[in-house]
Amino acid sequence: MGAGWGGAAALPGAAMLRRSLWLCLCLCSCPGRGLRIHEYLYFQVLSPGDIRYIFTATPAKDFGGVFNTRYDQIHLVPADPPEACGELNNGVFIQDQIALVERGGCSFLSKTRVIQEHGGRAVIIADNAYDNDSFYIEMIQDSTRRTADIPALFLLGRDGYMIRRSLEQHGLPWAVISIPVNVTSIPTYEMMQPPWTFW
């Protein structure tokens, strides 16, 4: 990694204040139950250790379920093929786990249904623009009138790329994550955000 992508360095005072205010605004807008679009859901990678950060995702706008259970340790399995527009080569590993899918090739809803049909508990769809570290895309229903029951989340392209890259470097078939994470219980100075992303 380049010099700017090292460990989580201390932020200058002004930057820390901006991040704290942003986080407070996001958290104060969250309802007691469920999440709406433009709100955030957080998950933490527990393993591998080099990406042990808290990541931010946004729920689909008008399809998919919500997290009624907190998973303290569950596998985040990159789909094979990554776009998950049809039969999966590693579908057996996705059953009862969460799939990491890449945007492109078919609708967000189609991807969610593929993961649901393979027994996945949820799907995290990362942008296929690997340099996207700030722009969240609104995932909406397609024109087929189909439905999906499992939660579907959108992840920034940079975050998805860095997770997949770490797994490839370590030769691992999946990451271990905790989802959803209640960031209101974590002191701001302990928030381990990805060093390549400014919240």
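Residues numbered from 1 in each chain as written. Predicted model: local features only at pLDDT ≥ 70, side-chain atom pairs only at ≥ 80, totals over all residues. Heavy atoms only, no water.

A word on the packing of aromatic side chains. Throughout the structure, instances matching the rule amount to nine aromatic pairs. Relative to Tyr-136, the ring of Tyr-40 lies with its centre 5.6 Å away and its plane at 75°, an arrangement referred to as edge-to-face. Remark: Tyr-136 occurs in the loop between β5 (122-126) and β6 (152-155) and Tyr-40 occurs in the loop between α1 (13-28) and β1 (41-47); sequence separation between them is 96 residues. Judged by its relative accessible area of 23%, Tyr-136 is partly exposed. Arranged with centres 6.4 Å apart and planes meeting at 75°, the rings of Phe-67 and Tyr-71 form a pair that is edge-to-face. What links up through ring pairs into an aromatic cluster is the set Tyr-40, Phe-108, Tyr-136 and Phe-154. (Phe/Tyr/Trp six-rings, centres within 6.5 Å; stacked < 30°, edge-to-face > 60°. Helix = DSSP H or I, 4+ residues; strand = E, 2+ residues; numbered from the N terminus. Buried < 20%, exposed > 50% of the residue type's maximum accessible area, 1.4 Å probe, protein only.)

A separate point is helix α4 (residues 157-170). Compared with the 20 Å implied by 1.5 Å per residue over 14 residues, the 20 Å span of α4 between its first and last C-alpha is a close match. Along α4, the residues that are buried comprise Gly-157, Arg-158, Asp-159, Gly-160, Met-162, Ile-163, Arg-164, Ser-166 and Leu-167. Looking one or two residues past α4, Gly-171 carries a phi angle of roughly 65°, positive in sign. (Expected span 1.5 Å × (residues − 1).)

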